[in-house]
Structures are given as C-alpha cells and as structure tokens.
Amino acid sequence: MTAQSASLAGLDLRAEIDRLRKEKNAVILAHYYQKPELQDIADFVGDSLELSRKAAETDADVIAFCGVKFMAEVAKILSPQKTVILPDVNAGCSLEDACPPEKFKAFREAHPDHIAITYINCSTEVKALSDIIVTSSSAEKILSQIPRDQKIIFGPDRHLGGYLSRKFDREMLLWPGVCIVHEAFSETELLKLKAQHPGAPIAAHPECPPTIVDHADYVGSTSGILNYAKTIDADTLIVATEPHIIHQMQLAIPGKTFIGAPGADGNCNCNICPYMALNTMEKLYISLRDLTPRIEIEEGLRLKAKESLDRMLGMASGTVGMGDLGAR
C-alpha cells in the first residue's frame, strides 16, 4: 500500500468525488482508454477532442480530464476561462514524446513548400507549428480537401499517415512516431485468434501498423470502432485498439463477445496504455480536492494552437464528434 492509498483508507471515493464535483462545479471527462471505474464515474466518456468540445459547452468552472496531458491541453485551449486539471501530470503520450517541438520546427523549416497536417496526439507547441490538426475520425475528410499538388508533412503518427497515404494514393512526408500501444499488436497472434474465431470480424484503429490494419474488416477511430460494434450482426468482435474501450462495448451491447487483439505474448495486457493507467480514482479525488495539477498555457501559444484546431473544425464539421460521446 502506498502512502497516498493509506491516507485515503476508509474514504468512499465515489461519494467523495461526487461531493467534490458538485462543490467545485466540475465536469469529469474520461477517455475510452481509462479504467472502467473512471469511465463509470465520468459525466462524459468519449474520444479526446469531442470531450473537450462538450466540456466547453457546459457551465462548469472546472474540467477534470481523465486522459493524458495533450487531451487536457486541448480542453484548456478550447476553455481558457475554466480550470483544467489532470489527475496525474505524468500521463503523457508516446506520440507526443516522439515529436519534440524544436525538431518539428526545424523539419518544417527544411520543407517550406509543405503544409503540416498534424494528428491531435501532440503537444500544444507542435499544434501551434502546424497548419491543420486532424483526429482519426476527421483525417480522411480533411485530406480529401487538400489539392493533390500540395505537398504535405504528416506527423507524428507514421502508421496513421501511412494508412491515409495508401488509401488516398498520396505521397506525404511522414514523421516517424508511433503509438506504443498499437505498435504492440502481433500479426501472428492476431491470425491465430482469427482462426479460433473464424466468423469474427476485426476492427482496428489506424494507429496500428499495416500488418494489423490489412487484416481488419473495419478501420476507424475509437468511437468509430464502438459504433461498428453496435451495427454488426456478428456475435464476436476482435478489437485492435487499447482494450479499455471494451468496457463501453459491453455496456452498450451486453449480448456480444469482444476480444482484445493480442500482443506478441498472446494476450492483450501489453496493449494497455501505461500513460492512461496512471490515472486512478485516488488521484482524481485528490486532483478535485486540491484543484491540481493544473494545465496552464501561455495565451499567445494557446491562440496559435487554436488556429490549427479551428481549421480542422471548419473543414471537418460533419465528422468530428459524430457518435463519440456517452453520457453518464
């Protein structure tokens, strides 16, 4: 038992979090990749951008974002007047880590004839250096609007960029970042699992490498995979993304079976995001109690980053946020 856990022994954390939510006029957001208990206590569960947009529409004074740092930063970009807290400030992202702002800036300067279309899984600084931000649900619609003779840098996820490049037959300069969760899936183990469940379709996130995506019956965002699970006739679905999304699938479609795609060791445990896992009920309680750690962004940087987000929202208004949210 940690010192933190010992100090909270005997507390009804759910009741205390509910009390603090009312006392602080807070809205609690949980990404699909959070632990089930955090999803269950959240006001909204969904994909990162739509959660931030939904929180911006509320009259809450505080946004408690159970996710990772770049997600909480987006909430602050869209709601600068609100206090935004993240239960664990160390909840980062391998894609953000793979794209340091100073290196991205130098890369852009080396290719001045390219525009930068950047996946939302990046820092505020990289967003400010980008022309258009995309999500996994909006990327295709946005790319289809870019003239074919316009040269493009796509970062930081080379697998998502490669998937779009192949689908649209467009050459792009790809930043070499990967998501450590989606990179961990094993093609060999996936094919073994498919053989055990021959009628089960495979749904994969486009952050997966081609060796996984090429076997998928459906490729899409986390919310897209959830919607796909609701519409298919099959009784069993193999899910190639972070396995905590299965909690929402089981709540929405309890009569179906959902199996997490395996890693190299034959199970899905290695595909649990270690950054998302840093958030806990105990940390959420302390974060609401103390209103820390807070997300703060310098105003000039915030406005510059918001420009690239606004371009995305304008170009993809028909796709962003469709079916992403589940209310508590």
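Refer to the structure above for everything that follows.
This text gives an overview of the structure that appears in the document. The written sequence of each chain sets the order in which its residues are numbered from 1. Owing to the predicted nature of the model, reporting of local features is limited to residues with pLDDT of at least 70; listing and counting of side-chain atom pairs is limited to 80 or more, with chain, interface and lining totals taken over all residues. Side-chain measures were taken over the full set of non-hydrogen atoms in the model, leaving aside hydrogen atoms and water.

Starting at the N terminus, helices and strands are each numbered in turn, a helix being any DSSP run of H or I of at least four residues and a strand any DSSP run of E of at least two. In terms of helices and strands, the protein carries 17 helices and 13 strands. The globule rule used for comparison is 2.2 Å times the number of residues to the exponent 0.38, while the radius of gyration itself is calculated over C-alpha atoms. Its C-alpha radius of gyration of 20 Å places the protein within 12% of the 20 Å reference for a compact globule of 328 residues. Projecting the C-alpha coordinates of the protein onto the three principal axes gives extents of approximately 60 × 55 × 35 Å. The proportion of buried residues among the 328 residues of the protein is 57%. In what follows, residue pairs with any heavy atoms lying within 4.5 Å of each other are defined as contacts. A sequence separation of at least 24 residues applies to 64% of the contacts in the protein between residues at least 6 apart. A total of about 13,400 Å² of accessible surface is found on the protein, and carbon and sulfur atoms cover 51% of it. Each charge class in the protein was averaged separately, 34 positive and 44 negative side chains, and the resulting centres sit 3 Å apart. In this scheme, a residue with accessible area under 20% of its type's maximum is buried, one over 50% is exposed, and one in between is partly exposed, where area comes from a 1.4 Å probe on protein chains only. Here the Shrake-Rupley method, with its probe set to 1.4 Å, supplies the accessible areas, and only the displayed protein chains count as covering residues. Charged residues are defined narrowly, with Lys and Arg counted positive, Asp and Glu counted negative, and His plus the chain ends left uncounted. A single reference atom marks each charge: NZ on Lys, CZ on Arg, CG on Asp, CD on Glu.

On to the sheet that holds strand 12 (residues 257-260), then. The parallel open sheet is built from four strands, whose spatial order is 10-9-11-12. Edge positions in the sheet fall to strand 10 (218-219) and strand 12, since each of these pairs with one other strand and no more. Both strand 9 (residues 202-204) and strand 11 (residues 236-240) contribute to a ladder of three bridges, which runs parallel. Looking across to strand 11, one finds that Ala204 is bridged to Ala240. Together, strand 9, strand 11 and strand 12 form the strand contacts of helix 12 (residues 187-196), whose direction differs from that of strand 11 by roughly 175 degrees. By definition, two strands form a pair when at least two bridges between them are found by DSSP. To get an axis, a line is fitted to the C-alpha atoms, and for a helix only the part in contact is used. The angle between two axes follows their N-to-C directions and goes from 0 to 180 degrees.

What follows deals with helix 14 (residues 222-231). With seven of ten residues buried, helix 14 lies mostly within the body of the structure. Thr222, Ser223, Gly224, Ile225, Leu226, Tyr228 and Ala229 are the residues of helix 14 that are buried. Those residues of helix 14 that are buried are in contact with strand 9, strand 10, strand 11, helix 15 (245-252) and strand 12.

What follows is about the environment of His31. Mapped onto the elements of the fold, His31 is located in strand 1 (residues 26-31). His31 sits in the buried class, given a relative accessible area of 4%. His31 sits 15 residues away from Gly46 along the chain, and the two C-alpha atoms are 5.2 Å apart. If we skip the residues at most four places from it in the chain, His31 touches Gln39, Gly46, Asp47, Ser48, Leu51, Cys66, Met71 and Met276.

Counting through the fold element by element, Gln34 comes out in the loop between strand 1 and helix 3 (36-41). In contact with Gln34, not counting residues within four places along its chain, are Gln39, Cys66, Gly67, His244, Met276 and Asn279.

A pair is scored as a salt bridge if a Lys or Arg side-chain nitrogen falls within 4 Å of a carboxyl oxygen belonging to Asp or Glu. Scanning all chains against the criterion turns up 18 salt bridges. Measuring nitrogen to oxygen at the nearest pair gives 2.7 Å for the salt bridge that ties Arg19 to Glu16. You can see Arg19 and its partner Glu16 sitting in helix 2 (residues 13-23), three residues apart, about one turn around the helix. Of the charged contacts in the structure, one is a salt bridge between Glu140 and Lys167, with a shortest N-O distance of 2.9 Å. In this pair, Glu140 is assigned in helix 9 (residues 139-143) and Lys167 in helix 10 (residues 158-168), connecting sequence segments 27 residues apart. By relative accessible area, Glu140 is classed as partly exposed at 25%.

Before going further, it helps to spend a moment on the packing of aromatic side chains. Ring geometry is summarised as follows: Phe, Tyr and Trp rings, the Trp one being its six-membered ring, pair when their centres sit within 6.5 Å, and such pairs are stacked at plane angles under 30 degrees, edge-to-face over 60 and tilted between the two. Tallied over the entire structure, the rule returns three aromatic pairs. When the centroid spacing of 5.4 Å and the interplanar angle of 80 degrees are considered together, the rings of Phe107 and Trp175 count as edge-to-face. Here Trp175 lies in the loop between strand 8 (173-174) and helix 11 (180-183) and Phe107 lies in helix 7 (residues 101-110), a separation of 68 residues in the sequence. Using a relative accessible area of 9% as the deciding quantity, one classes Trp175 as buried. Members of the aromatic cluster, each reached through a chain of ring pairs, are Phe104, Phe107 and Trp175.

A cavity here means a set of 1 Å grid points, computed over protein atoms only, where a 1.4 Å probe fits but cannot escape. A pocket is an open set with protein on both sides within 12 Å along at least 5 of 7 lines, and lining residues have an atom within 4 Å of a point. Grid points are joined across faces, edges and corners, and a volume is the space filled by probe spheres set on the points. As enumerated under the stated definition, the model contains one cavity of 30 Å³ or more in all. Volume-wise, the largest cavity comes out at about 360 Å³. If you go around the largest cavity, you meet 32 residues; those closest to its centre are His31, Met71, Tyr119, Asn121 and Glu207. Listed by contribution, the elements that provide at least two residues to the lining of the largest cavity are helix 4 (48-57), helix 5 (69-78) and helix 11.

So, about the packing of helix 14 against helix 15. Here helix 14 crosses helix 15 at 30 degrees, and the two axes come no closer than 10 Å. In terms of orientation, helix 14 lies roughly parallel with respect to helix 15. Considering only the axes of helix 14 and helix 15, their crossing is right-handed. Across from Thr222, Ile225, Leu226, Ala229 and Lys230 in helix 14, the residues of helix 15 making contact are Ile245, Gln248, Met249 and Ala252. With respect to orientation, any angle under 35 degrees is reported as roughly parallel, any angle over 145 as roughly antiparallel, any angle of 65 to 115 as roughly perpendicular, and every other angle as oblique. Crossing handedness is defined as follows: a turn of the near helix away from the far one that is anticlockwise and smaller than a right angle gives a left-handed crossing, while the clockwise case is right-handed.

The quantities given are spatial measurements derived from coordinates; they are silent on function.
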